Amino acid sequence: MTPSARRRLPLGPAGLLAAAVLLGAATFTAGLLMYPPVRVWQAFLVNFLFWTGLGFAGVVLSAVLRMTDSRWGFAVRRLGECSAAFLPVALLLYLGVVAGHGSLAPDVHHLAHAKQVWLAPVFLLVRDGAALLLLTLLAFAYLYFSLRPDVGAAREA
């Protein structure tokens, strides 16, 4: 079996994943057409924050288990590292947060002047996007150094 053939998903799971993505996009679009857009964007933001937080939490759990040198938590550590696979998707979904920012914070103009500067939509979105990108890069740097010894041992075997 060639190396590229081993990396491909079987047609069944790949088809299910594609169908789930299309169903989610269709449901989101239908929600925007049938319901108040504010509610749909709020649901998008809540889901984005939940799943992104879960992706980062797995990496943090892995780092804690590695720092404490826990030998019992090897499988748990690997499971936490697997949750980082969502982080590149979270970067793409952040574009949805950028697209829906008008519906997510409509009352930002009624704040005091000092808060208006800090919560200005462009400044807020750029700051949050940069933080998300930085945290994702740090998570993948950790994963690189965490998995490197095991990949070397697997190549030797």
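Read on for a plain summary of the structure.

Positionally, Ser62 belongs in helix 3 (residues 37-67). There is a polar contact of 2.9 Å between the side chain of Ser62 and the side chain of Glu81. In this structure, Ser62 is in contact with Arg77, Glu81 and Tyr142, ignoring residues within four places of it in sequence.

Take the packing of aromatic side chains next. Scanning the entire structure with this criterion turns up 7 aromatic pairs. With centroids separated by 5.0 Å and ring planes inclined at 85°, the aromatic side chains of Phe50 and Trp51 adopt a geometry described as edge-to-face. Classification of Trp51 as partly exposed rests on a relative accessible area of 44%. Judged by centre distance (5.5 Å) and plane angle (75°), the ring pair of Trp118 and Phe123 falls under edge-to-face. We classify Trp118 as partly exposed; its relative accessible area is 48%. What makes Phe123 partly exposed here is its relative accessible area of 40%. An aromatic cluster is defined as three or more aromatic residues linked by ring pairs; in this entry it consists of Phe28, Trp41 and Phe44. Its end group placed over the ring of Trp118, Arg127 keeps NZ or CZ at 3.8 Å from the ring centre.

Turning our eyes to something else, we now look at the packing of helix 3 against helix 8 (residues 121-156). The geometry of helix 3 relative to helix 8 is characterised by a closest axis approach of 11 Å and an angle of 35° between their N-to-C directions. In the packing of helix 3 onto helix 8, the handedness of the crossing is left-handed. Within the contact between the two elements, helix 3 uses Phe48, Thr52, Phe56, Val59, Ser62, Ala63 and Arg66 and helix 8 uses Leu132, Leu135, Thr136, Ala139, Tyr142 and Ser146. Classifying every residue of the contact of helix 3 with helix 8 gives 8 nonpolar, 4 polar and 1 charged.

Helical geometry note: an α-helix holds 3.6 residues per turn, so side chains three or four residues apart project in the same direction. Helix length check: helix 8 (36 residues) gives 52 Å between terminal C-alpha atoms against 52 Å at 1.5 Å per residue, within 8%. Of all the bends in helix 8, the largest measures some 40° and sits at Leu147, one to four residues before the proline Pro149. Buried residues in helix 8 make contact with helix 3, helix 4 (74-82), helix 5 (87-99) and helix 6 (101-104).

So, about unusual backbone geometry. Despite not being glycine, Asp69 shows a phi value in the positive range, around 55°. Summarising the element assignment, Asp69 is placed in the loop between helix 3 and helix 4.

Below, the discussion takes up helix 4. Here helix 4 has its buried residues at Arg77, Arg78, Gly80 and Glu81. The buried residues of helix 4 occupy one face: seen down the axis, they fall within an arc of 160°. Looking at helix 4, the residues exposed on the side facing more than 90 degrees away from the buried face are Ala75, Leu79 and Cys82. Close packing links the buried residues of helix 4 with helix 3 and helix 8.

Here we come to the side chain of Thr52. You can see Thr52 is positioned in helix 3. In this structure Thr52 touches Phe86, Leu87, Ala90 and Leu132, once residues within four positions along its chain are discounted.

Here is what the cut-offs are and how they apply
- Residues numbered from 1 in each chain as written.
- Predicted model: local features only at pLDDT ≥ 70, side-chain atom pairs only at ≥ 80, totals over all residues.
- Heavy atoms only, no water.
- Helix = DSSP H or I, 4+ residues; strand = E, 2+ residues; numbered from the N terminus.
- Polar contact = N/O pair within 3.5 Å; in protein donor to acceptor, adjacent residues only side chain to side chain.
- Contact = heavy atoms within 4.5 Å.
- Phe/Tyr/Trp six-rings, centres within 6.5 Å; stacked < 30°, edge-to-face > 60°.
- Buried < 20%, exposed > 50% of the residue type's maximum accessible area, 1.4 Å probe, protein only.
- Lys NZ or Arg CZ within 6 Å of the ring centre and 35° of its normal.
- Axes fitted to C-alpha atoms, helices over the stretch in contact; angles between N-to-C directions.
- Left-handed = near helix turned anticlockwise from the far one by under 90°.
- Nonpolar A, V, L, I, M, F, W, Y, C, P; charged D, E, K, R; others polar.
- Expected span 1.5 Å × (residues − 1).
- Bend = angle between axes of the 7 residues up to and from the residue.
- Arc of directions from axis to C-beta.

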